[in-house]
Amino acid sequence: MRTIAFLNQKGGVGKTTVAVNVAVGLTRLGRRVVAADLDPQGHMTRSFGVEPEGATLYELMKGQRTLAETLLEVEGVRLAPASMELSGVDTEFAAQPGKERLVANALAAVPDADACILDCPPNLGLLTVNALAAADSIVIPVQAEYLALAGLGALMDTVEAARSINAGLSVLGIVLTRYNHRKRLCREVAGAIRSHFPELIFETRIRESVALAEAPGFGQSIFAYSPRSAGALDFLGLSREVDARGFA
Ligand SMILES: Nc1ncnc2c1ncn2[C@@H]1O[C@H](COP(=O)(O)OP(=O)(O)OP(=O)(O)O)[C@@H](O)[C@H]1O
Ligand SMILES: [Mg+2]
């Protein structure tokens, strides 16, 4: 199983949208996918039409539930949902030895999975550290806007530091989100990111689209909500690239 964390400490850049739709996109390519919501906001959970409560990743991390009790099947993906209790883990587990590996240990035993997709919160707290410890690689969603490049530099430093707990961690790629070709700033920032990270940037850009903004409100991926939309096309393209790089 390859574990991929969708990570950017900046908020609202499209992490959850990309994680949800790549998770479902990979199932369309025949991969068996597990998705874990590491964000106390529970946006990935809600995006799959599931209420963030009950048997969740939190109980799994505490060893109070088994994997079989936690995973729910939605759109062909097995989901470990989040709940608000996750917001307390930084203090709750502060003194616990091995606290960085709780998620890795909890998900290590998932049977029959090719890919494990982790949606991270917009900070560098214990849940993100757990994602960095559990992942084989990370995908970085970025919005083509002012200061995006500075944020990317900081994120690359974070990944470098995380190699002290996970030596094999790599960056699978950078994906531009909410892309609007008509905006000059978008084109310029995209060009700057491409010239700094030519081997990392994915060819596929996720365009700004109404259907992508609407789908989570219906608890559906873009593939279920609007299968012929530009968003579905973009995410099929991105999923193919992730598949080619992540499972080669
Ligand atoms: N390509 C897109 N087109 C239109 N809206 C989008 C697109 N991608 C994301 N959005 C919308 O932008 C908002 C932020 O996206 P998302 O929740 O995926 O970001 P995030 O990085 O996970 O945020 P957070 O840091 O809070 O976890 C959401 O309302 C989402 O529906
Ligand atoms: Mg999110």
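Residues numbered from 1 in each chain as written. Chains lettered and ligands numbered in written order. Predicted model: local features only at pLDDT ≥ 70, side-chain atom pairs only at ≥ 80, totals over all residues. Heavy atoms only, no water.

Colleague: Help me understand the overall build of the protein chain in this model?
Modeller: Assigned secondary structure in the protein chain consists of 12 helices and seven strands. Relative to its length of 248 residues, the protein chain is compact, with a C-alpha radius of gyration of 17 Å against a globular reference of 18 Å. Dimensions of the protein chain along its principal axes, counting C-alpha atoms only, are 50 × 40 × 30 Å. Across the 248 residues that make up the protein chain, the buried fraction comes to 55%. If you take every contact in the protein chain between residues at least 6 apart in sequence, the share linking residues at least 24 apart comes to 78%. Surface accessibility of the protein chain: about 10,700 Å² in total, with carbon and sulfur atoms responsible for 51%. Positive and negative charge centroids in the protein chain, built from 24 and 27 side chains respectively, lie 7 Å apart. (Helix = DSSP H or I, 4+ residues; strand = E, 2+ residues; numbered from the N terminus. Rg over C-alpha atoms; globule rule 2.2 N^0.38 Å. Buried < 20%, exposed > 50% of the residue type's maximum accessible area, 1.4 Å probe, protein only. Contact = heavy atoms within 4.5 Å. Areas by Shrake-Rupley, 256 points an atom, 1.4 Å probe, with all protein chains shown as cover. Lys, Arg positive; Asp, Glu negative; His and termini not counted. Charge placed at Lys NZ, Arg CZ, Asp CG, Glu CD.)

Colleague: Mind showing me how you'd approach the packing of helix α1 (residues 15–28) against helix α12 (residues 230–246) here?
Modeller: Describing two packed helices takes the angle between their axes plus the distance from one axis to the other. With their axes 9 Å apart at the nearest point, α1 and α12 run at an angle of 75° to one another. Judged by the inter-axis angle, α1 sits roughly perpendicular to α12. Taking contact as the criterion, the partners of Thr17, Val18, Asn21, Val22, Gly25 and Leu26 in α1 are, on α12, Phe235, Leu238, Ser239, Val242 and Asp243. Its residues assigned to classes, the contact of α1 with α12 shows six nonpolar, four polar and one charged. (Axes fitted to C-alpha atoms, helices over the stretch in contact; angles between N-to-C directions. Parallel < 35°, antiparallel > 145°, perpendicular 65-115°, else oblique. Nonpolar A, V, L, I, M, F, W, Y, C, P; charged D, E, K, R; others polar.)

Colleague: Looking at this structure, I do not really get the pairing of strand β1 (residues 2–6). What am I missing?
Modeller: Successive side chains on a regular strand alternate, one facing one side of the sheet and the next facing the other. Counting buried positions over the five residues of β1 gives four, a clear majority of the element. Examined bridge by bridge, β1 and strand β6 (residues 137–143) share three bridges and lie parallel to one another. Bridging from a neighbouring strand, Phe6 pairs with Val139 of β6. (Pairing = 2+ DSSP bridges.)

Colleague: I'm lost on the environment of Ser209 in this one. Help?
Modeller: With respect to the secondary-structure elements, Ser209 resides in the loop between α9 (184–196) and α10 (210–214). A polar contact is formed between the side chain of Ser209 and the backbone nitrogen of Leu212, at a distance of 3.0 Å. (Polar contact = N/O pair within 3.5 Å; in protein donor to acceptor, adjacent residues only side chain to side chain.)

Colleague: Help me understand the pattern of salt bridges in this model?
Modeller: It is possible for side chains bearing opposite charge to pair when their charged atoms get close. By the definition in use, this model includes 11 salt bridges. Here Arg32 and Asp114 are joined by a salt bridge, their closest N and O atoms 2.9 Å apart. Residue Arg32 is located in the loop between α1 and β2 (33–37), and its partner Asp114 is located in the loop between α6 (102–108) and β5 (115–119); the two are separated by 82 residues in the primary sequence. Using a relative accessible area of 42% as the deciding quantity, one classes Arg32 as partly exposed. Look at Asp114 and you get buried, because its relative accessible area is 18%. Of the charged contacts, one joins Glu241 and Arg245 as a salt bridge, the two residues approaching to 4.0 Å between their closest N and O atoms. Of this pair, Glu241 and Arg245 both sit in helix α12, separated by four residues, roughly a single helical turn. (Salt bridge = Lys/Arg side-chain N within 4 Å of Asp/Glu carboxyl O.)

Colleague: Just to check I follow, could you spell out the site of ligand 1 for this structure?
Modeller: Among the 17 residues in the neighbourhood of ligand 1, the closest are listed as Lys15, Thr16, Thr17, Arg178 and Ser209. At 3.0 Å from an oxygen atom of ligand 1 is found a main-chain nitrogen or oxygen belonging to Gly14. Contact distances for ligand 1 include 2.9 Å between a nitrogen atom and a backbone N or O atom of Ser209. Protein chains bury 84% of the 630 Å² of accessible surface belonging to ligand 1 in isolation. The element that contributes the greatest number of residues to the shell around ligand 1 is α1, accounting for three residues. Across the shell around ligand 1, the residue classes tally to five nonpolar, seven polar and five charged. (Near = heavy atom within 4 Å.)

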